[in-house]
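If you want the building blocks of each chain, they are given just below.
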Amino acid sequence: MKKSFLLSAAVLLACAAAAQVLRPSEAVREREARADIPDLLAGVWQGNDRLVLFGKDGNEFAAVLRVFSGRYADRAAEPAAYAEYATRDRNDATSRVAEHIEISYITIAENASHTAGAYELQILYPGSREYAYVPLAVIGGNIYLDFLVKGSARDGDFYAVLPPATADGAPDREGFWRDCGAAAGLLVSPPSVKKERTGYYFSGGTFYQIRYWETDMPYTYEQAGFTDGEQSFVVDKYVRSAGKVYTNCTGRRTQIRNIKKSSELPGTAQFDRDGVICAFGSPYLVRLDGRENRADLQQLTDETNTAPRPPRKPVFPVTFPNVRWPDYDALDIYDPDAWNRRMLDVGK
């Protein structure tokens, strides 16, 4: 009993020693929002139900919704000047005036090779006085909404340094990965934001899942620790995403509980070439090569709206007669009974 108590006390002391308290000099760095569209986001993107344009000319944003099972393209959000280039359709599926959405861009992380990046879109919707935030990651010409960024935020919210390579030259994926994706989508109205996030710590082929939940506590660079009984680890106590703050400890505690341990990541994980960003699931949007500006977006819209429509399904289903024809080849042609049978069948 005494040995068990001493072991528990040692574990708690290890967690407390690993958890680093915020120093007064570590003031939270405010992220800078810029109007310029990042190069990795510029162009036309296609999703299951929408087309999105991040135009470098004038830093424009436009969204075309594909409604009615993708058979009609609705120019739901676009700058006011777009109506001068192409007349807007007037029907039951469209509004007379498009939504004018203002977007600024906050860089969360970019890898050293500039092939992948994580950004937070600061969006001001019409009629709203508060900003909405949509975090997203770009990897290999795809946009993801569920993603992780390697490293602690206290080391810099902008991470653009190539991680140390392993012995075989591959990126080093060991360490803490903070969950930065929380928004439901890039919509023409404020999206919903998830209440919980999941951070990860990679160590020797083992993945530790760290639960974060939304809190009203102020965001700081304070850290917290946990142990698996053999090793102790330190991670960020707070994570900010989509304008919300999430924590993995209650109150002033710095010991994380209920850590889940697994040998593999859940679902499909997609890493960038430098091992800075990890995305989960299928892409939310896919870049369309060679499509970069308003004219390209309008062409795609016109192609959708002028495509021939399939014929309508009949109100009443078409029915065909179900006639069972006898196999005359199996009948004996020299049998008079077969002749009578055949004559009777023909007379029906």
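Chemist: Explain the overall build of the chain here, please?
Modeler: For the chain, the helix and strand inventory stands at 4 helices and 21 strands. Out of the 348 residues in the chain, the part that is buried amounts to 42%. Contacts in the chain between residues at least 24 apart in sequence constitute 60% of all its contacts with a sequence separation of at least 6. With the model as given, the accessible surface of the chain reaches about 20,400 Å², and the carbon-plus-sulfur share is 51%.

Chemist: Would you mind showing me how to read the packing of aromatic side chains here?
Modeler: Each pair of aromatic rings is reported with the distance of its centres and the angle of its planes. Throughout the structure, instances matching the rule amount to 14 aromatic pairs. Between the aromatic rings of Phe202 and Phe207, the centroid separation amounts to 4.7 Å while the plane-to-plane angle is 85°, which identifies the pairing as edge-to-face. Phe202 gets classed as buried once you look at its relative accessible area, which sits at 4%. Ring centres of Phe202 and Phe271 lie 6.5 Å apart, and the angle between their planes is 70°; this geometry places the pair in the edge-to-face category. Note that Phe202 is positioned in strand 12 (residues 196-203) and Phe271 in strand 19 (residues 269-271), a separation of 69 residues in sequence. In this structure, Arg173 is placed above the aromatic ring of Phe271, and the distance from its NZ or CZ to the ring centre is 3.8 Å. Above the plane of the ring of Tyr85 lies Arg294, whose end atom (NZ or CZ) is 4.1 Å from the centre.

Chemist: Please explain unusual backbone geometry as it appears in this structure.
Modeler: Negative phi values dominate among residues other than glycine, just as trans dominates among peptide bonds. Look at Asn59: it is not a glycine, yet its phi comes out positive at around 50°. Positionally, Asn59 belongs in the loop between strand 3 (50-55) and strand 4 (60-67). Look at Ala242: it is not a glycine, yet its phi comes out positive at around 55°. Looking at the secondary structure, you find Ala242 in the loop between strand 16 (238-241) and strand 17 (244-247). You can call Ala242 buried: its relative accessible area is 6%.

Chemist: How should the pattern of salt bridges be read in this particular structure?
Modeler: Scanning the model with the defined rule gives 12 salt bridges in all. Where Glu78 meets Arg88, a salt bridge forms, and the shortest distance between an N and an O atom there is 3.3 Å. Here Arg88 lies in the loop between helix 2 (82-85) and strand 6 (102-110) and Glu78 lies in the loop between strand 5 (72-77) and helix 2, a separation of 10 residues in the sequence. Here Glu78 matches Arg88 in class, with each residue buried. Among the ionic pairs, Arg197 bridges to Asp146, the shortest N-O distance being 3.7 Å. You can see Arg197 sitting in strand 12 and its partner Asp146 sitting in the loop between strand 9 (142-144) and strand 10 (147-150), a full 51 residues away along the chain. Looking at Asp146, the relative accessible area reads 29%, which means it is partly exposed.

Chemist: Before we go on, may I ask you to explain helix 3 (residues 294-306) in this structure?
Modeler: Side chains that are three or four residues apart share a direction in an α-helix, a result of its 3.6 residues per turn. With 13 residues, helix 3 extends 18 Å from end C-alpha to end C-alpha; this agrees with the ideal 18 Å at 1.5 Å per step. The complete set of buried residues in helix 3 reads Asp296, Leu297, Gln298, Leu300, Thr301 and Thr304. Buried residues along helix 3 sit in contact with strand 2 (43-46), strand 3, strand 4 and strand 5. In this structure Asn293 caps helix 3, since a side-chain oxygen of it lies 3.3 Å from the backbone nitrogen of Ala295.

Chemist: Mind showing me how you'd approach the nonpolar core here?
Modeler: In summary, soluble globular proteins display a tendency toward joint burial of nonpolar side chains. Counting 26 residues, the largest nonpolar core has Leu41, Phe54, Phe61, Leu121, Ile123, Leu136 and Val138 as the members making the most contacts within it. Those elements that place two or more of their residues in this core are strand 3, strand 4, strand 6, strand 7 (116-124) and strand 8 (132-139). Ranked by the residues each element gives to this core, the list is headed by strand 8, at 4 residues. Beyond its immediate chain neighbours, meaning those up to four positions away, Val138 contacts Leu40, Leu41, Trp45, Thr115, Ala116, Gly117, Tyr119 and Ile143. Counting 15 residues, the second largest nonpolar core, distinct from the first, contains Phe176, Tyr212, Phe233 and Ile256.

Chemist: Just to check I follow, could you spell out the environment of Ile256 for this structure?
Modeler: Looking at the element boundaries, Ile256 is found in the loop between strand 17 and strand 18 (260-262). Sequence spacing of Ile256 and Thr227 is 29 residues, and the spatial spacing of their C-alpha atoms is 8.5 Å. Ignoring any residue separated from it by four or fewer positions in sequence, one finds Ile256 in contact with Ile210, Ala224, Gly225, Phe226, Val235, Asn248 and Cys249.

Chemist: I'm lost on the sheet that holds strand 21 (residues 285-287) in this one. Help?
Modeler: Picture the strands of a sheet paired through backbone hydrogen bonds; they go either parallel or antiparallel. With antiparallel pairing, the 10 strands of this open sheet are ordered in space as 1-6-7-8-9-21-2-3-4-5. Looking at which strands have only one partner, the edges of the open sheet turn out to be strand 1 (33-34) and strand 5. As judged from the 8 bridges shared by strand 7 and strand 8, these two strands associate in the antiparallel manner. When the bridges of strand 8 are listed, Ala118 appears paired with Ala137.

Chemist: Would you mind going over the environment of Arg287 with me for this structure?
Modeler: Secondary-structure assignment places Arg287 in strand 21. With 147 residues separating them along the chain, Arg287 and Gly140 place their C-alpha atoms 9.2 Å apart. Setting aside anything within four residues of it in sequence, one finds Arg287 in contact with Asp39, Leu40, Leu41, Ala42, Gly43, Val44, Trp45 and Gly141. Here the side chain of Arg287 touches Leu40 through a polar contact of 2.5 Å, landing on its backbone oxygen.

Cut-offs and rules
- Residues numbered from 1 in each chain as written.
- Predicted model: local features only at pLDDT ≥ 70, side-chain atom pairs only at ≥ 80, totals over all residues.
- Heavy atoms only, no water.
- Helix = DSSP H or I, 4+ residues; strand = E, 2+ residues; numbered from the N terminus.
- Buried < 20%, exposed > 50% of the residue type's maximum accessible area, 1.4 Å probe, protein only.
- Contact = heavy atoms within 4.5 Å.
- Areas by Shrake-Rupley, 256 points an atom, 1.4 Å probe, with all protein chains shown as cover.
- Phe/Tyr/Trp six-rings, centres within 6.5 Å; stacked < 30°, edge-to-face > 60°.
- Lys NZ or Arg CZ within 6 Å of the ring centre and 35° of its normal.
- Salt bridge = Lys/Arg side-chain N within 4 Å of Asp/Glu carboxyl O.
- Expected span 1.5 Å × (residues − 1).
- Polar contact = N/O pair within 3.5 Å; in protein donor to acceptor, adjacent residues only side chain to side chain.
- Core = buried A, V, L, I, M, F, W, Y, C linked by side-chain atoms within 4.5 Å.
- Pairing = 2+ DSSP bridges.

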